[in-house]
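# Coordinates in review
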Amino acid sequence: MSQKWRQWNKAAIKGLWVLVILGLVAALPVAYDRIRTEGTSKNVEMIFDYRDLVQVSSYQGNPNSFINEQLDALKEAGVNTMAVYEATLTELSNARRITVYSEQDAARLTGKVLTANENATYLLFTNAEIQAKIEPIIRKAFASQDIAVEDWTLNGRSGLKIATPVQNAVLKTMEPDPIAMEMLEAKGFHLLPRLGNSSIYDQESLASLLDRFKTMGVDRILFDGEEVPGYAEEPDERHLEDFAKLLNERSIGIAAIENLKSPQRGFESLAKMTNYNVARLYSLSGRDSALDPDIIADRFALAAKDRNIRMMFIHTAVQTNTLEGRITDTIENVIESLDGPEGATKRIEHYGFKFGPASSFDVAEMAGQNYFRWVAIVGAVALVALAVSIFIPPLTLLAFLLGLVGVAGLYVLRPHLMEQALALFAGISAPTIAMVFAVRKIDRLYEAGQNMSLGRRLAHGILLFLRTSAMSLMAVPFIIALLNRVTYQLVLEQFRGVSLLHLAPIALTALYVLFYRKNSAFGSVGKILRMPITVAMVVIIAVAGVVGMYYLSRTGNSGSASGLEKITRTLLENTVGVRPRFKEFLLGHPIFIAGVVVALRYRHAIYVMIIASIGQLSMVDTFAHIHTPIWISFMRDLLGIGFGIVVGLVFVLVWQIIERCWKKWSPLLAKL
């Protein structure tokens with residue numbers, strides 16, 4: 001029975017490869033659908049924070065003239081949208097709509113004696129026209145929170161008395177400044193309102209506000225704060241469905257801010273209820289608006305091209321220049337980053353985008369896509385089973401059958417977990433299989449003849465590298481097919497297990513090289529355990545640990561790059577359009593090619609193939625960034641392979657120099 005089981009497992013391998021090939025073919029139509037989806041949103045919206053502009057104007061000698069001048073300059077530079085917030089008394093005061101007084105201020109103005117029983121807020125309107133438009137929204141906002149508002153006058157000027165201290169009154173939000181919105185609309189700006197989650201949800205007021213927004217051409221809302229309107233801690237008190245209904249009835253979408261420390265509570269649920277009428281938004285902070293204009297332009301261009309972001313939100317900041325003794329801002333710096341032949345607007349247009357209100361992706365799905373996905377799923381399970389067959393051959397068939405059962409069970413219980421887990425295992429399996437096949441090929445070539453010329457070894461190295469890369473990329477169609485959901489493209493869901501994907505193929509390649517090869521220097525775990533520990537071994541392990549920690553710190557979105565690397569990235573971006581990954585063309589790929597050349601002459605050099613596996617898994621990981629367009633990921637890998645071959649040739653040349661120097665000088669050193 002045992003012999004028969006081995007035969008079944010051996011025979012199953014051919015069948016599994018057939019299933020893998022069928023899965024790859026079935027995944028292609030799904031990948032095509034994703035490419036079509038990515039091409040449906042081509043408008044890029046440049047947005048400036050109008051509240052910031054008003055705040056900066058409050059430091060100017062002529063605020064209104066300053067605002068008008070800057071609006072014209074921003075529009076000419078390519079800004080087509082202004083973000084407007086729910087108004088506060090502070091913002092209305094900065095805009096010169098009102099003047100706000102505390103109880104003490106009012107007492108000094110009127111000669112009134114302060115009492116212990118009253119602490120109100122007082123305000124005066126700038127003129128009657130402003131009062132007609134601003135007074136209703138102030139009264140409505142405070143009345144909704146049961147705060148009394150009454151008329152108040154001073155020296156013939158009309159105003160209001162609000163029965164709450166000024167410290168509390170300035171925190172209350174109300175509808176956006178109607179005067180500002182009318183002025184911005186008249187100047188030709190699109191409007192992007194920012195709404196927060198009021199403590200008291202008012203469906204009728206929100207409906208009225210959204211109706212006014214719609215008449216002004218608003219088609220998307222950006223949320224302010226940590227929660228979306230209608231969200232509440234207690235599920236019974238939530239009004240997300242009610243708010244979603246208001247948005248859907250008016251065809252108003254929402255915007256998702258990239259790289260928030262934590263998602264805005266309720267956003268994911270609201271996105272689902274609005275049929276994912278969502279556009280992603282990159283926010284340039286006030287601090288970052290002072291960066292070099294080229295860096296800012298680079299950020300905007302990469303956000304549009306590489307990350308499928310269609311909304312660029314620009315803040316500005318007030319700066320105190322002590323040397324010149326004046327207060328400055330970063331608006332001119334931002335304009336410089338947008339304008340000019342190397343500015344963001346020209347670069348974004350060069351990539352095929354247009355400027356206008358951002359739209360959500362129109363999800364493309366051909367008939368029968370689900371059937372194609374299921375064939376791809378079976379193919380991915382077969383790929384994982386083939387990886388198992390390398391290390392535990394008797395479990396090959398069992399791994400495939402258990403994989404099918406597990407996939408079916410998870411699909412019923414938690415389908416998204418099934419997709420992510422299988423995508424992760426497929427992403428680990430393909431580069432592992434590819435590297436194992438490469439190691440086997442090197443061993444066969446070494447045994448066939450050690451006197452191979454440098455030219456032949458180099459040819460074998462390049463051809464084996466290309467074959468191995470093609471095998472590693474088998475995982476890509478499976479990842480695309482499994483994670484082909486708009487939620488991944490909008491980063492409402494993210495591919496999990498990035499650290500495992502960056503470690504497992506390296507560990508499995510090392511496992512095979514150390515223990516599964518016929519000519520392994522280690523042979524068995526027992527032999528390793530019996531080896532004496534030396535200082536050199538401790539140093540090697542310590543260095544490997546430090547390198548491993550640095551390598552992991554560079555993975556995922558949290559990784560940071562050095563200044564030199566950033567400069568090189570920009571150079572590559574500007575010269576070839578898409579930058580390949582450093583860990584591929586400067587590390588993994590060159591080491592692979594040079595490693596084959598050296599290992600075909602010196603057997604133990606094959607251990608460097610463990611490091612070379614970094615390049616193979618990195619190519620797969622590139623496609624795990626679902627928010628990056630497929631063609632960008634493909635070009636990134638292709639350029640990495642091309643540059644990797646060139647750098648690999650340099651590595652081989654350096655090795656030849658070192659080898660010849662060693663042969664010449666080592667006899668002399670031995671005599672010393």
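Quick caveat: nothing in here was measured; it's all calculated off a predicted structure.

## Structural notes on the overall build of the protein
Looking only at helices and strands, one finds 27 helices and 14 strands in the protein. A buried classification covers 49% of the 672 residues belonging to the protein. Long-range contacts, defined as pairs at least 24 residues apart, comprise 79% of the intrachain contacts of the protein with a sequence gap of at least 6. About 32300 Å² of surface is accessible on the protein, with carbon and sulfur atoms providing 60% of the total.

## Topic: the pattern of salt bridges
Tallied over the entire structure, the rule returns 29 salt bridges. Close ionic contact of Glu91 with Arg51 constitutes a salt bridge, the shortest N to O distance being 3.2 Å. Taken together, the residues Glu91 in helix α4 (residues 89-94) and Arg51 in helix α2 (residues 50-57) connect sequence positions 40 residues apart. Looking at Arg51, the relative accessible area reads 27%, which means it is partly exposed.

## Some points on the sheet that holds strand β5 (residues 149-154)
With antiparallel pairing, the four strands of this open sheet are ordered in space as β3-β4-β6-β5. A single partner strand is all that each edge strand has here, and the edge strands are β3 (98-101) and β5. Averaged over all pairs of adjacent strands, the angle between strand axes in this sheet comes to 30°, irrespective of strand direction. Both strand β4 (residues 121-125) and strand β6 (residues 157-162) contribute to a ladder of four bridges, which runs antiparallel.

## Focus on the pairing of strand β8 (residues 220-223)
The side-chain alternation of β8 yields two buried faces, one formed by Arg220 and Leu222 and the other by Ile221 and Phe223. Direction of pairing for β8 relative to strand β9 (residues 253-257): parallel, over a ladder of two bridges. Note that in β9 the partner of Ile221 across the bridge is Ile254. You can see the chain leave β8, run along helix α10 (residues 240-249) and come back into β9, and the turn it takes is right-handed.

## A look at a negative patch on the surface
Negative charge collects at one region of the surface, where Asp292, Asp294, Glu332, Glu336 and Glu342 lie side by side. Considering the arrangement of structural elements, one finds Asp294 in helix α12 (residues 293-306).

## Some words on the packing of aromatic side chains
Aromatic rings in a pair are described by how distant their centres are and how their planes are angled relative to each other. Scanning the model with the defined rule gives 14 aromatic pairs in all. Judged by centre distance (6.3 Å) and plane angle (50°), the ring pair of Trp17 and Phe437 falls under tilted. With Trp17 in helix α1 (residues 2-38) and Phe437 in helix α17 (residues 415-448), this pair connects stretches of sequence that are 420 residues apart. Here Phe437 falls in the partly exposed class, since its relative accessible area comes to 23%. With a centroid separation of 4.9 Å and an interplanar angle of 70°, the aromatic rings of Trp374 and Tyr411 are classed as edge-to-face.

## Considerations on the side chain of Ser389
Secondary-structure assignment places Ser389 in helix α15 (residues 369-391). Within the structure, the side chain of Ser389 is placed 2.5 Å from the backbone oxygen of Leu386, a separation counted as a polar contact. Non-local contacts of Ser389, meaning those with residues more than four positions away in its chain, are made with Ile13 and Thr396.

## A word on the packing of α15 against α17
Their axes nearest at 8 Å, the elements α15 and α17 cross at an angle of 45°. As far as their axial angle goes, α17 and α15 are oblique. Crossing angle aside, the handedness with which α15 passes α17 is left-handed. Listed contacts from α17 to Arg373, Ile377, Ala380, Val381, Leu383, Val384, Leu386, Ala387, Ile390 and Phe391 of α15 are Met418, Glu419, Leu422, Phe425, Ala426, Ser429, Ala430, Thr432, Ile433, Val436 and Arg440. Within the contact of α15 with α17, the residues separate by chemical class into 16 nonpolar, two polar and three charged.

## Quick word on the environment of Ala83
Tracing the backbone through its elements, the reader meets Ala83 in strand β2 (residues 81-85). Accessibility expressed as a relative area gives 0% for Ala83, which makes it buried. The sequence separation of Ala83 and His315 amounts to 232 residues, and the corresponding C-alpha distance is 10.0 Å. Excluding residues within four positions of it along the chain, Ala83 makes contact with Ile47, Phe48, Asp49, Tyr50, Arg51, Leu192 and Phe313.

## Re the nonpolar core
In this structure, Val20, Leu383, Ile442, Phe478, Leu483, Phe592 and Met609 are the most contacted members of the largest nonpolar core, which totals 72 residues. The element that contributes the greatest number of residues to this core is α17, accounting for 15 residues. Counting 67 residues, the second-largest nonpolar core is a separate cluster that includes Phe66, Val218, Ala303 and Leu492.

## What to know about a nonpolar patch on the surface
A cluster of nonpolar side chains, contributed by Trp374, Tyr411, Val412 and Leu413, occupies part of the molecular surface with about 460 Å² of accessible area. The leading source of residues in the nonpolar patch is helix α16 (residues 396-413), at three residues.

## What to know about the confidence of the model for the protein
Summary statistics for the protein give a mean pLDDT of 86 and a share of 89% for residues scoring 70 or more. Mean pLDDT across the elements of the protein bottoms out in helix α23 (residues 535-553) (54) and peaks in strand β11 (residues 311-314) (96).

## Concerning the side chain of Asn80
Relative to the assigned elements, Asn80 resides in the loop between α3 (63-77) and β2. Overall, the relative accessible area of 14% leaves Asn80 in the buried class. A polar atom in the side chain of Asn80 sits 3.4 Å from the side chain of Thr81. Not counting the four nearest positions on each side in its chain, Asn80 is found in contact with Val44, Glu45, Met46, Phe189, His190, Phe355 and Gly356.

## Overview of the packing of α15 against α16
Two elements in contact, α15 and α16, have axes whose closest approach is 8 Å; the angle formed by their N-to-C orientations is 140°. As far as their axial angle goes, α16 and α15 are oblique. Remark: the crossing between α15 and α16 carries right-handed chirality. Residue-level inspection shows Trp374, Ile377, Val378, Val381, Ala382, Ala385, Val388 and Ser389 of α15 in contact with α16, the latter providing Thr396, Ala399, Phe400, Gly403, Leu404, Val407 and Tyr411.

## Here we look at unusual backbone geometry
Phi angles above zero are rare outside glycine, and Tyr276 is one such case at about 55°. By the secondary structure assignment, Tyr276 is in the loop between α11 (267-273) and β10 (278-284).

## Concerning helix α19 (residues 475-482)
Extensive coverage of α19 is indicated by the burial of eight of its eight residues. When we look at burial in α19, the residues that qualify are Ala475, Val476, Pro477, Phe478, Ile479, Ile480, Ala481 and Leu482.

## Describing the environment of Thr215
By the element assignment, Thr215 lies in helix α9 (residues 203-215). The exposure class assigned to Thr215 is exposed, which follows from its relative accessible area of 65%. There is a polar contact of 2.6 Å between the side chain of Thr215 and the backbone oxygen of Arg212.

## Describing the environment of Phe651
When you line up the elements, Phe651 lands in helix α27 (residues 630-671). Distance in space between the C-alpha atoms of Phe651 and Ile591 is 7.5 Å, their sequence separation being 60 residues. With near-sequence residues (within four places) excluded, Phe651 lies in contact with Leu586, Pro590, Ile591 and Ala594.

Scoring rules and cut-offs
For every chain, the first residue of its written sequence is number 1, and the numbers climb from 1 along that sequence. Only residues with pLDDT of 70 or above have their local features reported here, since the model is predicted, and side-chain atom pairs are shown and tallied only from 80 upward, although totals for entire chains, interfaces and linings are computed over all residues. Side-chain numbers come from the whole structure's heavy atoms, not from hydrogens or water. Only DSSP runs of H or I with at least four residues qualify as helices, and only runs of E with at least two residues qualify as strands; both kinds are numbered from the N terminus onward. Relative accessibility decides the category of a residue: with a 1.4 Å probe and only protein chains considered, values under 20% of the type maximum give buried, values over 50% give exposed, and everything between is partly exposed. Two residues qualify as a contact provided that any one of their heavy atoms is within 4.5 Å of a heavy atom in the partner residue. Exposure was quantified through the Shrake-Rupley algorithm and a 1.4 Å probe, taking into account, for residues, occlusion by the shown protein chains and nothing else. Counted as salt bridges are all cases of a side-chain nitrogen of Lys or Arg within 4 Å of a carboxyl oxygen of Asp or Glu. Pairs of strands are assigned from DSSP output, requiring at least two bridges between the strands. Here, axes are lines fitted to C-alpha atoms. For helices the fit covers the stretch in contact, and angles between N-to-C directions go from 0 to 180 degrees. A crossover counts as right-handed when, viewed with the strands pointing away from the observer, the path leading from the first strand over the helix to the second turns clockwise. In this analysis, a patch consists of residues with relative accessible area above 30% that form no salt bridge, clustered at 9 Å for like charges and at 5 Å for the nonpolar side chains Val, Leu, Ile, Met, Phe, Trp and Tyr. Only four residue types enter the charge count, namely Lys and Arg as positive and Asp and Glu as negative; His and the chain termini do not. Charge coordinates come from a single atom per side chain, which is NZ of Lys, CZ of Arg, CG of Asp or CD of Glu. Side-chain rings of Phe, Tyr and Trp, where Trp is taken by its six-membered ring, are said to pair if the distance between their centres is within 6.5 Å; with planes under 30 degrees apart they count as stacked, over 60 as edge-to-face, and otherwise as tilted. Polar contacts, as used here, are pairs of N or O atoms within 3.5 Å; protein pairs need one atom able to donate a hydrogen and one able to accept it. Residues neighboring in sequence count only if both atoms are side-chain atoms. For classification purposes, an angle smaller than 35 degrees is called roughly parallel, one larger than 145 roughly antiparallel, one from 65 to 115 roughly perpendicular, and anything else oblique. Note: crossing handedness is left-handed where the near helix turns anticlockwise from the far helix by less than a right angle, and right-handed where it turns clockwise. Polar here means any residue other than Ala, Val, Leu, Ile, Met, Phe, Trp, Tyr, Cys and Pro, which are nonpolar, and Asp, Glu, Lys and Arg, which are charged; Gly is therefore polar. Only buried residues count toward a nonpolar core. Its members are Ala, Val, Leu, Ile, Met, Phe, Trp, Tyr and Cys residues joined through side-chain atoms within 4.5 Å. One number per residue, pLDDT, summarises how confident the predictor is, and it ranges from 0 to 100.

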